[in-house]
Protein chains: 2
Amino acid sequence: MHDIAANRFAVRTAGMEASEIRALFAVASRPEVVSLAGGMPNLAALPLAALSQQVAQLVAEDGLTALQYASAHGLPPLREQICAVMALEGVTARPEEVVVTVGSQMGIDLLTRLLCDPGDVVMAEGPSYVGALGSFAAYQAQVVHVPMDGHGLVPEGLRAALRRARAAGQRVKMLYTIPNFHNPAGVTLAVERRTEILEICRAHGVLVVEDNPYGLLGFDGATYPALRSTDPDNVVYLGSFSKTFASGLRVGWVLAPDEVREKLVLAMESATLCPPTLNQMIVSRYLAAHDWQGQIAVFREIYRERRDAMLDALERYLPPECTWTVPDGGFYVWVTVPEGVDTRAMLPRAVAAGVAYASGSGFYTDKSGGRQMRLSYCYPTPERIREGVRRLAGVVEAERGPGLSTGSPAPVERTPAASGGELRYVRS
Amino acid sequence: MHDIAANRFAVRTAGMEASEIRALFAVASRPEVVSLAGGMPNLAALPLAALSQQVAQLVAEDGLTALQYASAHGLPPLREQICAVMALEGVTARPEEVVVTVGSQMGIDLLTRLLCDPGDVVMAEGPSYVGALGSFAAYQAQVVHVPMDGHGLVPEGLRAALRRARAAGQRVKMLYTIPNFHNPAGVTLAVERRTEILEICRAHGVLVVEDNPYGLLGFDGATYPALRSTDPDNVVYLGSFSKTFASGLRVGWVLAPDEVREKLVLAMESATLCPPTLNQMIVSRYLAAHDWQGQIAVFREIYRERRDAMLDALERYLPPECTWTVPDGGFYVWVTVPEGVDTRAMLPRAVAAGVAYASGSGFYTDKSGGRQMRLSYCYPTPERIREGVRRLAGVVEAERGPGLSTGSPAPVERTPAASGGELRYVRS
């Protein structure tokens, strides 16, 4: 390999490092390990027999369309149905405003391509979605983490971060935020903060990128008003069928103001010519022929049951100095371990003890998160979740050392995140 | 749209302009127009009934895998089969060296991301594939076109271009080349030039990116030795199932030297997490269960028949000053019109006369190609091809003006490209 020395690569390539997601896939695949690490949706409840029939009919009757190139913008019937999906969260949009992407990851990646020059700043919650951080790094954007609490992103923290960035002469291009059932933090942005955050961003000329893959997975069946529903001109909305239908189809979408959307279609052409036609038609027919909202209700119940199992197990097994968030939807609990425990250093020992998690530092670009970890309850059975947390508790106990494991600890707040009761819900 | 002024975008975004491909989709969809413009493969010969059965079985029996996330690298069984496909062109590769992409367009895009800083030079044939030019522009790479003749890329032209680039202090990152049945030029790189071009690139420390979507579509069933087969360490090979199976599945691949491939998997994660699992499994089962080489032979016959129809019609109808290439495979004929005729300016009049083509200037970044056009014979029936060329001839006749249409023209070389007989073939 004489020719492709490191200096043959672009400067941006130096920042590309193996993500935690990738390392986790290998770990999660070992059957003896309880994986609380990945974010794989639980598909067991999908109506495979009916889907099989439907896909067979699609290929037999419309195969010449389904197997052929189509437009980079996405199929019009699907874009129309996507508008109906978003209406559940108060979004009013026209099908022309929607661009279908190969998963919403592609939406994040292409928006960063369109918006960020090297050195430009992206504000994002701390912690934030690891896949988004990967795209920001790929375009040499600089991430500034904004603090969260149990009610989500803290408006005053955003204001302060924007002031600092302005003082430092930095160009802030977007706020990347996951308002609902945050990955990895498990919290939801309080409704009363939403308008305030939109006003702050508007005042600073910062585009809001609202990533909302979990919005329909609130455990009480309620939805929150999308940021996009309040400020259509300054919010780009990212949606996905990966968590509400089937991740392996890789069908997501972007709803963006006109100028951004026009460029996004061009970026889609450059990235992949067009999203897979077959996959778009499968989703479109599924939405047309199935009780897809009923199916989402089934998924919600699956995840609620698992969330309960995890919270019960955390309460039962974890050392009392541990705290965690209490999600009202989505896939994740964010756990803080006792001082002196480093979750990244602990991970190999946890895997040896038969449990995997995502260590917190992967969700920050500034190496914060050493005392945190993300636990996913989406995929394993409740029994496996309980067993995994039991194993994890043993590892944490061992890690903090014998000096701390005896005596009675000071009382701690076990659930720093807001429970659902403190948030106003918009009924769907 | 107060916030997203032009200066909110990244610098690279200014270079993104609507591609000819996109404009052509709209034109091609009008039934009264004979489109010789697009590059849509002709799928009518696909065994849809059998495929339908197969996909139904896949979803029913393995739906939980097919509809779930997988690795960014691609499914191992498919990567193994891809190695067998490439063996037809003399390529020896291990499955670990293959990365599955969402169409080979994604391979081009991500390789450019990995290799090119703004201002870096990509050498490419003149003309070159419009989708690749779009990706190069998206990363602000500078394209230097290298001359071709009827035997493909001219080695002495490449040497001269590299000398000029070096003298100008430019960093040349890659040679992007389509050696077989070139898009849009319709010519094939002579076997005796292949080693020479590889040696030139190696001597200059320039990576070769070999884009080979049409390699198995040679009309006599023969294949050429892939550049990758001669120099595995300095060639990245791009392959695709879009032309040999089904474009709407968006399954392509990259075979790259280790260092590039490792970074490519990371770039895939950033771009889309993983290629669609269902689509990979469909291709994998198709390759396992069908006589896929027999199916390619059927496709070859379809395209050969249409190539013949087009060449006959060109000979019969076009004004004698026109010349064109004679493809031995693939989808395209590259036509040069009489001096004074501008194919871009002529296009609206051609469409009004009921025929569409791709004007030559879209295949250059330097606005060459004004006297050229790409005619695709892949999709329409032979009858429609003949009718389309007849209409086109009328438009060209009208365009060059009455002064030229009478009298007997000087004898001209009608077929500047080499015919198949002049090239040595490697039998598959």
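Procedures and definitions
Residues numbered from 1 in each chain as written. Chains lettered and ligands numbered in written order. Predicted model: local features only at pLDDT ≥ 70, side-chain atom pairs only at ≥ 80, totals over all residues. Heavy atoms only, no water. Helix = DSSP H or I, 4+ residues; strand = E, 2+ residues; numbered from the N terminus. Buried < 20%, exposed > 50% of the residue type's maximum accessible area, 1.4 Å probe, protein only. Contact = heavy atoms within 4.5 Å. Areas by Shrake-Rupley, 256 points an atom, 1.4 Å probe, with all protein chains shown as cover. Pairing = 2+ DSSP bridges. pLDDT = per-residue confidence, 0-100. Axes fitted to C-alpha atoms, helices over the stretch in contact; angles between N-to-C directions. Parallel < 35°, antiparallel > 145°, perpendicular 65-115°, else oblique. Left-handed = near helix turned anticlockwise from the far one by under 90°. Nonpolar A, V, L, I, M, F, W, Y, C, P; charged D, E, K, R; others polar. Salt bridge = Lys/Arg side-chain N within 4 Å of Asp/Glu carboxyl O. Domains from an automatic or database assignment. Buried area = accessible area lost by both parts, 1.4 Å probe. Polar contact = N/O pair within 3.5 Å; in protein donor to acceptor, adjacent residues only side chain to side chain. Least-squares fit on C-alpha atoms with pLDDT ≥ 70 in both. Phe/Tyr/Trp six-rings, centres within 6.5 Å; stacked < 30°, edge-to-face > 60°.

*Asks:* How should the overall build of chain A be read in this particular structure?
*Replies:* The secondary structure content of chain A amounts to 15 helices and 14 strands. Every one of the 428 residues in chain A was classed for burial, and the buried ones make up 65%. A separation threshold of at least 6 residues defines the contact pool for chain A, and within that pool the share at least 24 residues apart is 78%. Split by element, the accessible area of chain A, about 14,300 Å² in all, is 53% carbon and sulfur.

*Asks:* Can you walk me through the pairing of strand 11 (residues 332-336) of chain A in this structure?
*Replies:* Residue and element names in this part refer to chain A. The element strand 11 is extensively covered by neighbouring structure, given that 5 of its 5 residues are classed as buried. Both faces of strand 11 are covered, namely the face carrying Tyr332, Trp334 and Thr336 and the face carrying Val333 and Val335. For strand 10 (residues 323-324) and strand 11, the ladder comprises 2 bridges, and the chain directions are antiparallel. Within the sheet, the bridge partner assigned to tryptophan 324 lies in strand 11 and is valine 335. By the bridge criterion, 5 bridges tie strand 11 to strand 14 (residues 372-376) in an arrangement that is antiparallel. Residue pairing across strands places valine 333 opposite leucine 375, the latter belonging to strand 14.

*Asks:* Would you take a moment to explain the environment of proline 147 of chain B for this structure?
*Replies:* Residue and element names in this part refer to chain B. In this structure, proline 147 sits in strand 4 (residues 142-149). Residues proline 147 and alanine 124, 23 residues apart in the sequence, show an inter-C-alpha distance of 8.8 Å. When residues no more than four places from it in sequence are discounted, the contact partners of proline 147 are Gly152, Leu153, Val154 and Gly157.

*Asks:* Could you clarify how one ought to interpret the confidence of the model for chain A in this entry?
*Replies:* Fine structural detail should not be taken from predicted coordinates in areas where pLDDT scores are low. Residues and elements named next belong to chain A. In this model, chain A carries an average pLDDT of 91, and 90% of its residues clear a pLDDT of 70 or more. Residue range residues 405-428 is modelled with pLDDT below 50. Its contacts to residues more than four positions away, or to other chains, number 54 contacts. As scored by the predictor, the complex reaches a pTM of 0.93 and an ipTM of 0.93.

*Asks:* Sorry if this is basic, but what is going on with the packing of helix 2 (residues 48-66) of chain B against helix 11 (residues 277-289) of chain B here?
*Replies:* Geometry of a packed helix pair, given as the angle between the helix axes and the separation of the axes. All names here are of chain B. Across the interface, helix 2 lies against helix 11 with an axial gap of 10 Å and an inter-helix angle of 130 degrees. Judged by the inter-axis angle, helix 2 sits oblique to helix 11. Seen along the crossing, helix 2 lies across helix 11 with a hand that is right-handed. Here helix 2 contributes Leu51, Gln54, Val55, Leu58, Val59, Asp62, Thr65 and Ala66 to the contact with helix 11, which in turn contributes Thr277, Leu278, Met281, Ile282, Arg285, Tyr286 and Ala289. Its residues assigned to classes, the contact of helix 2 with helix 11 shows 10 nonpolar, 3 polar and 2 charged.

*Asks:* What exactly am I supposed to notice about the pattern of salt bridges here?
*Replies:* Pairing between side chains of opposite charge can happen when their charged atoms approach one another. Scanning the entire structure with this criterion turns up 50 salt bridges over all chains. Here glutamate 97 of chain A makes a salt bridge to arginine 228 of chain A, at a shortest N to O gap of 4.0 Å. A residue pair is termed long-range when its members are at least 10 positions apart, and glutamate 97 of chain A in the loop between helix 3 (76-87) and strand 2 (98-101) and arginine 228 of chain A in helix 8 (residues 227-230) qualify at 131 residues. You can call glutamate 97 of chain A buried: its relative accessible area is 12%. Ionic pairing is found between glutamate 387 of chain B and arginine 391 of chain B, a salt bridge with its closest N-O pair at 2.8 Å. With glutamate 387 of chain B and arginine 391 of chain B both in helix 14 (residues 382-400), this residue pair falls 4 residues apart, about one helical turn. The exposure class assigned to glutamate 387 of chain B is partly exposed, which follows from its relative accessible area of 23%.

*Asks:* Would you mind going over the domain arrangement of chain A with me for this structure?
*Replies:* Put simply, an interface is often sized by how much accessible area is lost when its parts join up. All names here are of chain A. When the domains of chain A are assigned, the result is domain 1 (17-45 + 294-405 + 413-421) and domain 2 (48-289). Taken over C-alpha atoms, the centre of domain 1 sits 25 Å from the centre of domain 2. Among the residues of domain 1 in contact with domain 2, Arg300, Tyr332 and Phe363 are the three that bury the most area, contributing 22% of the side total. Linking domain 1 with domain 2 are 0 salt bridges. Between the two partners, domain 1 and domain 2, sit 8 residue pairs in polar contact (both at pLDDT 80 or more). Contributing elements (two or more residues each) for the side of domain 1 that touches domain 2: helix 12 (292-317) and strand 11. Among the elements that make up the side of domain 1 that touches domain 2, the one with the highest residue count is helix 12 (7 residues).

*Asks:* How should I be thinking about the interface of chain B and chain A in this particular structure?
*Replies:* Contact with chain B, which involves 90 residues of that partner, is made by 90 residues of chain A. Linking chain B with chain A are 2 salt bridges. Two residues, aspartate 109 of chain A and arginine 113 of chain B, come together in a salt bridge whose shortest N-O distance is 2.5 Å. The interface formed by chain B and chain A holds 57 residue pairs in polar contact (both at pLDDT 80 or more) in total. Tallying contributions element by element places helix 2 of chain B first for the side of chain B that touches chain A, with 11 residues. For the side of chain B that touches chain A, the class distribution of residues is 51 nonpolar, 22 polar and 17 charged.

*Asks:* What am I meant to see in the sheet that holds strand 3 (residues 121-126) of chain B here?
*Replies:* For sheets, the rule is that strands pair by backbone hydrogen bonds, running either parallel or antiparallel. Residues and elements named next belong to chain B. The mixed open sheet is built from 8 strands, whose spatial order is 2-9-8-7-6-3-4-5. The sheet is open, and its two edges are formed by strand 2 (98-101) and strand 5 (152-153), each paired on a single side. Bridge analysis of strand 3 against strand 6 (residues 172-177) gives 4 bridges, and the strand direction is parallel. The residue of strand 6 that forms the bridge with valine 122 is methionine 174.

*Asks:* Looking at this structure, how should I read the relation of the copies chain B and chain A?
*Replies:* Note on the chain copies: they are related by a rotation about an axis and a translation along it. Of the two same-sequence chains, chain B is brought onto chain A (RMSD 0.0 Å, axial shift 0.0 Å) by a rotation of 180 degrees. Those values place the two copies in the arrangement expected of a two-fold rotation axis. Ranked by how close their C-alpha atoms come to the rotation axis, the residues of chain B are headed by alanine 56 of chain B, at 2.5 Å. Both copies contact each other with a shared surface, as 100% of the interface residues of chain B are interface residues in chain A too.

*Asks:* Honestly, the packing of aromatic side chains in this entry has me stumped. Any pointers?
*Replies:* Each aromatic ring pair is summarised here by two numbers: the centre-to-centre distance and the angle between the ring planes. Applying the stated rule across the entire model yields 23 aromatic pairs over all chains. Relative to tyrosine 176 of chain A, the ring of phenylalanine 136 of chain A lies with its centre 5.5 Å away and its plane at 75 degrees, an arrangement referred to as edge-to-face. In this pair, phenylalanine 136 of chain A is assigned in helix 5 (residues 130-138) and tyrosine 176 of chain A in strand 6 (residues 172-177), connecting sequence segments 40 residues apart. Residue phenylalanine 136 of chain A is classed as buried on the basis of its relative accessible area, which comes to 0%. Taking the relative accessible area as the measure of exposure, tyrosine 176 of chain A reaches 0% and is therefore buried. Centroid distance phenylalanine 241 of chain B to tryptophan 253 of chain B: 5.0 Å. Interplanar angle 50 degrees. Geometry classified as tilted. With phenylalanine 241 of chain B in the loop between strand 8 (235-240) and helix 9 (242-246) and tryptophan 253 of chain B in strand 9 (residues 252-255), this residue pair connects regions lying 12 residues apart in the sequence. Of the two residues, phenylalanine 241 of chain B and tryptophan 253 of chain B, neither departs from the other in class, the shared state being buried. An aromatic cluster of three or more residues is present, and its members are Tyr214, Phe299, Tyr303, Phe331 and Tyr332 of chain A.

*Asks:* Explain the packing of helix 3 of chain A against helix 11 (residues 277-289) of chain A here, please?
*Replies:* All names here are of chain A. At a closest axis distance of 9 Å, the pairing of helix 3 and helix 11 adopts a crossing angle of 50 degrees. For the element pair helix 3 / helix 11, the angle class is oblique. For the element pair helix 3 and helix 11, the recorded crossing hand is left-handed. Residues Pro77, Leu78 and Gln81 of helix 3 touch helix 11, and the partners they reach there are Gln280, Val283, Ser284, Leu287 and Ala288. When grouped by side-chain class, the residues that make up the contact of helix 3 with helix 11 number 5 nonpolar, 3 polar and no charged.

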